[in-house]
Amino acid sequence: MDKIKSLLLPLALVFAAIAVFETGARYGASNMRAHAIAGELVFPLTVYVQGKDSMNAESRANIAAVIDNGIAAGSMHRQLWYLQKDSKDALDKVLAYAFSVRGDGVLERLTQAQAEEGINSDKKARLAEVTEAIKQAKADLADSAKDAADKKAAELAEPAAE
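Residues numbered from 1 in each chain as written. Predicted model: local features only at pLDDT ≥ 70, side-chain atom pairs only at ≥ 80, totals over all residues. Heavy atoms only, no water.

(A) Molecular detail of helix 4 (residues 105–115). Here helix 4 has its buried residues at Gly105, Val106, Leu107, Leu110 and Ala113. Where helix 4 is buried, its residues contact helix 2 (57–77), helix 3 (85–102) and helix 5 (121–140). (Buried < 20%, exposed > 50% of the residue type's maximum accessible area, 1.4 Å probe, protein only. Helix = DSSP H or I, 4+ residues; strand = E, 2+ residues; numbered from the N terminus. Contact = heavy atoms within 4.5 Å.)

(B) Quick peek at the packing of aromatic side chains. Tallied over the entire structure, the rule returns three aromatic pairs. A ring pair is formed by tyrosine 27 and tyrosine 82, whose centres lie 4.3 Å apart and whose planes are at 35 degrees; its orientation type is tilted. You can see tyrosine 27 sitting in helix 1 (residues 2–51) and its partner tyrosine 82 sitting in the loop between helix 2 and helix 3, a full 55 residues away along the chain. Overall, tyrosine 27 belongs to the partly exposed group, its relative accessible area being 29%. Here tryptophan 81 and tyrosine 82 contribute two aromatic rings whose centre-to-centre distance is 5.3 Å and whose plane-to-plane angle is 90 degrees, an arrangement assigned as edge-to-face. On the accessibility criterion, tryptophan 81 (69% relative accessible area) is exposed. (Phe/Tyr/Trp six-rings, centres within 6.5 Å; stacked < 30°, edge-to-face > 60°.)

(C) The arrangement of helix 3 in detail. Its 18 residues give helix 3 an end-to-end C-alpha distance of 25 Å, which sits within 8% of 26 Å, the value for a rise of 1.5 Å per residue. Of all the residues in helix 3, the buried ones are Ser87, Leu91, Asp92, Val94, Leu95, Ala96, Tyr97, Ala98, Phe99, Val101 and Arg102. Just downstream of helix 3 lies glycine 103, where phi reads positive at about 60 degrees. (Expected span 1.5 Å × (residues − 1).)

(D) Summary view of a nonpolar patch on the surface. There is a patch of nonpolar side chains on the surface, built from Leu11, Val14, Phe15 and Ile18 and spanning about 390 Å² of accessible area. Note on placement: valine 14 falls in helix 1. (Patch = residues over 30% accessible without salt bridge, like charges linked within 9 Å, V, L, I, M, F, W, Y side chains within 5 Å. Areas by Shrake-Rupley, 256 points an atom, 1.4 Å probe, with all protein chains shown as cover. Salt bridge = Lys/Arg side-chain N within 4 Å of Asp/Glu carboxyl O.)

(E) Broad picture of the nonpolar core. By size, the foremost hydrophobic cluster in this structure holds 32 residues, and its most contacted members are Leu41, Leu45, Ile67, Ile71, Leu95, Phe99 and Ile134. For this core, the elements supplying multiple residues, two or more each, are helix 1, helix 2, helix 3, helix 4 and helix 5. The element contributing the most residues to this core is helix 3, with eight residues. For leucine 41, the residues in contact, after removing those within four places along its chain, are Ile67, Gly70, Ile71, Val94, Leu95 and Ala98. (Core = buried A, V, L, I, M, F, W, Y, C linked by side-chain atoms within 4.5 Å.)

Now the structure itself:
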């Protein structure tokens, strides 16, 4: 018993160090993922906005699906309570612009997916969770979306004027 007692403190310290490292890695990875989601969403948004009139319906639908997936991922990710301010701001900025571009298209797509026959209850519950996250993000970013759309339109107009 004495041998076990002498090992308990070092063992507890090792497990505490592992827990601290894991917590730091998780928080850091989540913050970097927020930046990654924001970065991955910029390109399809730019393509969608600039090529909306010249693309055929299939191409427009494919790019819209990529944007909708990014909006869903970003909306779910922004619910993490431990996101740092700069990570959340980067994600919110891109999501606000994405909502201004897509409007209610992402919610319509999710509603159609929920209405499909043959979907199991787990998938329906997950779709409902994603839908609620998107509605919450859209409500939170409603004012930012209008400002982001105006700013992005001004940025896109500047190179054309030169």
